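Examination of the molecular architecture
Spelled out from the first residue to the last, the chains are:
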Amino acid sequence: MFRNSRADFPKEFLFGTATSAYQIEGHGFGGAGPTHWDSFAATPGNVVRAEHGQRACDHYHRYAEDLDLAAAAGFDCYRFSTSWARVMPEGRGAPNPEGLDFYDRLTDAMLERGLKPCVTLYHWELPQALADLGGWRNGEIAKWFGDYTEVIMSRIGDRMYSAAPINEPWCVGWLSHFLGHHAPGLRDIRATARAMHHVMLAHGTAIQVMRALGMGNLGGVFNLEWATPADDSAAAQQAAARYDAIYNGFFLGGAFHGRYPDLALEGLEPHLPQGWQDDFATITAPVDWCGINYYTRKRIAPDTGPWPHYAEVDGPLPKTQMGWEIYPQGLYDFLTRTAREYTGDLPLLVTENGMANADVVTDGTVQDAARVAFVDDHLDALRRAIAKGVPVQGYFLWSLLDNYEWALGYEKRFGLVHVDFDTLKRTPKASYHALQSALSDASN
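So, here is what we can say about the structure in this document. Small disclaimer: the values here were computed from a predicted structure and weren't measured.

1. Things to note about the packing of helix H7 (residues 141-156) against helix H9 (residues 189-212)
Packing of H7 against H9 brings their axes to within 8 Å, and their N-to-C directions diverge by 35°. Every pair of crossing elements has a handedness; the one defined by H7 and H9 is right-handed. The segment H7 lies against H9, with Ile141, Ala142, Phe145, Gly146, Thr149, Glu150 and Met153 engaging His198, Leu201, Ala202, Thr205, Ala206, Val209 and Met210. Its residues assigned to classes, the contact of H7 with H9 shows 9 nonpolar, 4 polar and 1 charged.

If you want it as structure tokens, here you go:
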């Protein structure tokens, strides 16, 4: 059981769970167009067992069952994403009526169950036709994304509780174009700099489009990772600061201060598009809240190789199935720091937090005590931040379902609900039942 319950949080505090389109829907259904993830997964060596998202959890057909599970758990909100390639198979031009109808039905199904719909417009499945034109490297992508935003939000925006343009800009930019771990799988610093900047420009463009449609409660969602120096040396301190600037400061600084950190620009500026400084008027389009996705920290050591002159080293803390250190203190540190250095009194939401765990399935039950402990420890950190006056207004657990974990296929399980990927049977885990009890406790 959880130590924490709903009664331990402010009355208006929101609890939710999160998913993403490509990871659960099944991209082979409903007229969706090909994405760069389909191409990436079809390339040998990119994804574990070459697994892909064509069926995934078949949420496209089973969404009613899944939303029943979210509502029965006691969640207030459901954070989901829309697929650009499902809505506009070519990325531009005529929308797909089946895709628009699906998100219409999905939205109404949330509302019928008392779940507040919290949409993210992009969670990484770029239409392949746009990838063929350079994708996030192409300066036109902000306009393309704005057009997509107008199409999908003109259909469902009137019923959204909240909306954010892009999930985890670091993953869209750095992880996918510098490290090459996600689609399009590039390792190119020029591509990286342009993708990082263009994703911020697309973020601001989409905020402006949604404002023009009369929408409110708009925010940005940033994945943050705490950087701990590997030792007390000045070189390790500098390496960790550079990691922090690239991972965290570039995106928060761009959105809230209209500038990028010097430690990031020292390597990226020569590769940024001409006139990039002029885009901050759009990038800093005002938002109503800031979302933080937090999972882990990294221990950073100096590296004598090319920029960025750092290397990750193994840490001593217990780790999740992903090999990520469990470090709840980092959530407290980010909540307090983000409010202090970037957002002030703006509401903060923990838009993702959770762990991959090798669940134990016995006689039809799924035991995952480690997940209960992980969530409890992070809720402790969140409560400490609230006690310090940080305006945290919600917590979303990643994820409702075991799903397609990108380059790691179906092996890593983040869900509160176990999915048998052969039969697609859903089985709520012990953590689901414990959370259900905790969220039903509203006593003071």
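2. What to know about the side chain of Thr82
Relative to the helices and strands, Thr82 is located in the loop between strand S2 (77-81) and helix H4 (84-87). Residue classification places Thr82 among the buried positions, given a relative accessible area of 0%. Polar side-chain contacts of Thr82 include one of 3.4 Å to the backbone oxygen of Leu121. There is a polar contact of 2.7 Å between the side chain of Thr82 and the side chain of Tyr148. In this structure Thr82 touches Ala21, Tyr103, Val119, Thr120, Leu121, Tyr122, Glu125, Tyr148, Ile152 and Ile156, once residues within four positions along its chain are discounted.

3. Some remarks on the packing of aromatic side chains
Pairs of aromatic rings are described using the distance from one ring centre to the other and the angle between the two planes. If you walk through the whole model with that rule in mind, you get 40 aromatic pairs. Centre to centre, the rings of Trp226 and Phe334 are 4.8 Å apart; their planes meet at 75°, and the pair counts as edge-to-face. Of the two residues, Trp226 is situated in strand S5 (residues 219-229) and Phe334 in helix H13 (residues 329-343); the sequence distance between them amounts to 108 residues. For the pair Trp226 and Phe334, a shared accessibility class is recorded, and that class is buried.

4. Side note on helix H5 (residues 97-112)
In this model, H5 (16 residues) spans 22 Å end to end at C-alpha, consistent with the 22 Å of a helix rising 1.5 Å per residue. Inspection of H5 places Gly99, Leu100, Phe102, Tyr103, Asp104, Leu106, Thr107, Ala109 and Met110 among the buried residues, and these make up the whole buried set. In this structure, the buried residues of H5 make contact with helix H1 (21-24), helix H3 (59-73), S2, H4, strand S3 (116-122) and H7. Phi for Gly114, located one or two positions after H5, is positive at around 75°.

5. Structural notes on the environment of Phe9
Mapped onto the elements of the fold, Phe9 is located in the segment before strand S1 (14-18). When its relative accessible area of 7% is taken as the criterion, Phe9 is described as buried. Through-space distance from the C-alpha of Phe9 to that of Leu379 is 9.6 Å; in sequence the pair is 370 residues apart. In contact with Phe9, other than residues within four places in its own chain, are Asn4, Phe15, Leu379, Leu382, Arg383 and Ile386.

6. Digging into the pairing of S3
Consecutive residues of a regular strand have side chains that alternate between opposite faces of the sheet. Among the 7 residues that make up S3, 6 are buried, leaving the element largely enclosed by the rest of the structure. Of the pairings in the sheet, the one linking S2 to S3 comprises 5 bridges and is parallel in character. Across the sheet, the residue bridging to Arg79 is Cys118, located in S3. As paired strands, S3 and strand S4 (residues 162-166) are joined by 4 bridges and run parallel to one another. For Thr120, the partnering residue across the bridge sits in S4 and is Ala164.

7. Concerning the state of the cysteines
Applying the stated rule across the entire model yields 0 disulfides. Unpaired in terms of disulfides, Cys77 finds its nearest cysteine sulfur in Cys118, a separation of 4.2 Å. For Cys77, a relative accessible area of 0% translates into the label buried.

8. What to know about the pattern of salt bridges
Under the criterion given, the structure shown has 34 salt bridges. Here Asp68 ties to Arg113 by a salt bridge, and the two come within 2.6 Å at their closest N and O atoms. Taken together, the residues span a long stretch of sequence, with Asp68 in helix H3 and Arg113 in the loop between H5 and S3 at a distance of 45 residues. The partly exposed category is assigned to Arg113, whose relative accessible area is 25%. Two residues, Arg159 and Asp108, come together in a salt bridge whose shortest N-O distance is 2.8 Å. Residue Arg159 is found in the loop between H7 and S4, and its partner Asp108 is found in helix H5; the two are separated by 51 residues along the sequence.

9. Points about unusual backbone geometry
In this model, Ala183 is joined to Pro184 through a cis peptide bond whose omega is 10°. If you trace the backbone, Pro184 turns up in the loop between helix H8 (169-177) and H9. Note the cis peptide between Trp307 and Pro308, where omega equals 20°. Position of Pro308 relative to the elements: it lies in the loop between strand S6 (289-302) and strand S7 (310-313). In this structure, Ala50 is a non-glycine residue whose phi angle is positive, near 55°.

10. Some thoughts on the environment of Val392
Summarising the element assignment, Val392 is placed in strand S11 (residues 392-398). Taking the C-alpha atoms as reference points, Val392 and Trp289, separated by 103 residues in sequence, lie 9.7 Å from one another. With near-sequence residues (within four places) excluded, Val392 lies in contact with Phe13, Leu335, Leu348, Val350, Leu382 and Ile386.

11. What about the nonpolar core?
Among the nonpolar cores identified, the biggest contains 138 residues, and Trp37, Trp84, Trp136 and Leu335 are the most heavily contacted of them. Among all residues touching Trp136, those that are not within four sequence positions of it are Trp84, Tyr122, Leu126, Ile141, Ile166, Val172, His177, Arg194, Ala195, His198, Val199 and Ala202. In this structure, Ala18, Ala356, Trp398 and Phe414 belong to the second largest nonpolar core, which totals 6 residues.

12. Notes on the packing of H5 against H7
It is at 9 Å that the axes of H5 and H7 come closest, and there the two elements cross at 40°. When the axes of H5 and H7 are compared, the pair comes out oblique. Both H5 and H7 take part in a crossing whose hand is right-handed. Across the interface between the two elements, Leu100, Asp101, Tyr103, Asp104 and Thr107 from H5 touch Val151, Ile152, Arg155 and Ile156 from H7. Class assignment for the residues of the contact of H5 with H7 results in 5 nonpolar, 1 polar and 3 charged.

Analysis parameters
Residues numbered from 1 in each chain as written. Predicted model: local features only at pLDDT ≥ 70, side-chain atom pairs only at ≥ 80, totals over all residues. Heavy atoms only, no water. Axes fitted to C-alpha atoms, helices over the stretch in contact; angles between N-to-C directions. Helix = DSSP H or I, 4+ residues; strand = E, 2+ residues; numbered from the N terminus. Left-handed = near helix turned anticlockwise from the far one by under 90°. Contact = heavy atoms within 4.5 Å. Nonpolar A, V, L, I, M, F, W, Y, C, P; charged D, E, K, R; others polar. Buried < 20%, exposed > 50% of the residue type's maximum accessible area, 1.4 Å probe, protein only. Polar contact = N/O pair within 3.5 Å; in protein donor to acceptor, adjacent residues only side chain to side chain. Phe/Tyr/Trp six-rings, centres within 6.5 Å; stacked < 30°, edge-to-face > 60°. Expected span 1.5 Å × (residues − 1). Pairing = 2+ DSSP bridges. Disulfide = S-S within 2.5 Å. Salt bridge = Lys/Arg side-chain N within 4 Å of Asp/Glu carboxyl O. Core = buried A, V, L, I, M, F, W, Y, C linked by side-chain atoms within 4.5 Å. Parallel < 35°, antiparallel > 145°, perpendicular 65-115°, else oblique.

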